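Structural characterization, general
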Amino acid sequence: MKKNAFMCLAVLVTGIFVTSCNSDDGGDCLGDFTGALTENEQKLTGTWILSSIVSIEEVDITDDGEDNPSNNIYAQYSDCQKSTFYTFNSDRTYQIGQSQSFEGCENVLTTEGTWQLSSQTLGMVRNCLLQNIVINFSADETNFYFSDNYTVTEVDGNTVQTDITFTYTLTP
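For clarity, every value in this text was computed on a predicted model and none was experimentally measured. (Residues numbered from 1 in each chain as written. Predicted model: local features only at pLDDT ≥ 70, side-chain atom pairs only at ≥ 80, totals over all residues. Heavy atoms only, no water.)

In this structure, Leu44, Tyr86, Phe88 and Phe144 are the most contacted members of the largest nonpolar core, which totals 28 residues. Every element with two or more residues in this core is listed here: β2 (46-59), β4 (84-88), β5 (93-98), β6 (110-118), β7 (121-126), β10 (143-153) and β11 (159-170). (Core = buried A, V, L, I, M, F, W, Y, C linked by side-chain atoms within 4.5 Å. Buried < 20%, exposed > 50% of the residue type's maximum accessible area, 1.4 Å probe, protein only. Helix = DSSP H or I, 4+ residues; strand = E, 2+ residues; numbered from the N terminus.)

This is the structure we're talking about:
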């Protein structure tokens, strides 16, 4: 049943990557973001680690033999799943993936591309696709979060449609 939890992570990550993607209708590939960072963008440089996943509806994605749904999806994740990160570099490149600091993690992957932050919209270009995510920062700008609606498959196979908020914390 651990595969169900990993499938949930895969679906959530895929949902993150697909949300608001647009491709160029022509034969040309969408260009990378370039240029110097604005003052607003500088706050995003660094590595941000997943620190919270909260859903409006309670879900149970753990294979612990108990019916114990919770709004706290993050608490139901394994260490491997919790190690998701974003790294935004000052040269406009980014990486999204899972840390390789835990042995035995399956489906470890890293995605790369370029980024831009315009007001509260984070634009990321990867493989000719543009993804736009509306993000919000905490008052001290050490956390950012975004929300969207997802379908979560619980450990018993039931599906739940719910809004989920992902929070990332800047590493020191």
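Still more to cover.
As a further point, take the packing of aromatic side chains. Per the counting criterion, the structure on display carries 13 aromatic pairs. When the ring centre of Phe137 is taken as origin, the NZ or CZ atom of Lys43, which lies over that ring, is 4.4 Å away. In this structure, Arg92 packs its charged tip against the face of Trp115, placed 5.9 Å from the ring centre. (Phe/Tyr/Trp six-rings, centres within 6.5 Å; stacked < 30°, edge-to-face > 60°. Lys NZ or Arg CZ within 6 Å of the ring centre and 35° of its normal.)

Moving on, we get to the pattern of salt bridges. All told, the structure shown has 2 salt bridges when counted by the stated rule. The partner of Lys43 in a salt bridge is Glu141, and the shortest N-O contact between them spans 3.7 Å. One end of the pair, Lys43, is in the loop between α2 (39-42) and β2; the other, Glu141, is in the loop between β9 (136-137) and β10, with 98 residues separating them in the sequence. In this structure Lys43 comes out as partly exposed when scored by relative accessible area, which is 23%. Assessed through its relative accessible area of 35%, Glu141 is described here as partly exposed. (Salt bridge = Lys/Arg side-chain N within 4 Å of Asp/Glu carboxyl O.)

The full count for this structure, using the stated rule, is 2 disulfides. Each sulfur in the disulfide pair Cys29 and Cys128 lies 1.8 Å from the other. Across the S-S bond linking Cys29 and Cys128, the dihedral sits near -110 degrees, which makes this disulfide left-handed. Of this pair, Cys29 sits in the loop between β1 (22-23) and α2 while Cys128 is found in the loop between β7 and β8 (129-134), placing the two residues 99 residues apart along the sequence. With its sulfur 1.9 Å from that of its partner, Cys80 forms a disulfide with Cys105. Taking the torsion about the S-S bond as the criterion, the Cys80 to Cys105 disulfide, at about -85 degrees, is left-handed. Of this pair, Cys80 sits in helix α3 (residues 79-82) while Cys105 sits in the loop between β5 and β6; the two residues are 25 residues apart in sequence, bridging distant segments of the chain. Each of the two residues, Cys80 as well as Cys105, counts as buried. Numbered by order of appearance in the sequence, the disulfide-linked cysteines of the protein pair as 1-4, 2-3. (Disulfide = S-S within 2.5 Å.)

We now examine unusual backbone geometry. Phi is positive for Arg92, close to 75 degrees, though the residue is something other than glycine. Position of Arg92 among the secondary structure elements: in the loop between β4 and β5.

This part covers the environment of Gly123. One can find Gly123 in strand β7. The class of Gly123 is buried, set by a relative accessible area of 4%. Considering only alpha carbons, one finds Gly123 and Ile133, 10 residues apart in sequence, at a separation of 6.6 Å.

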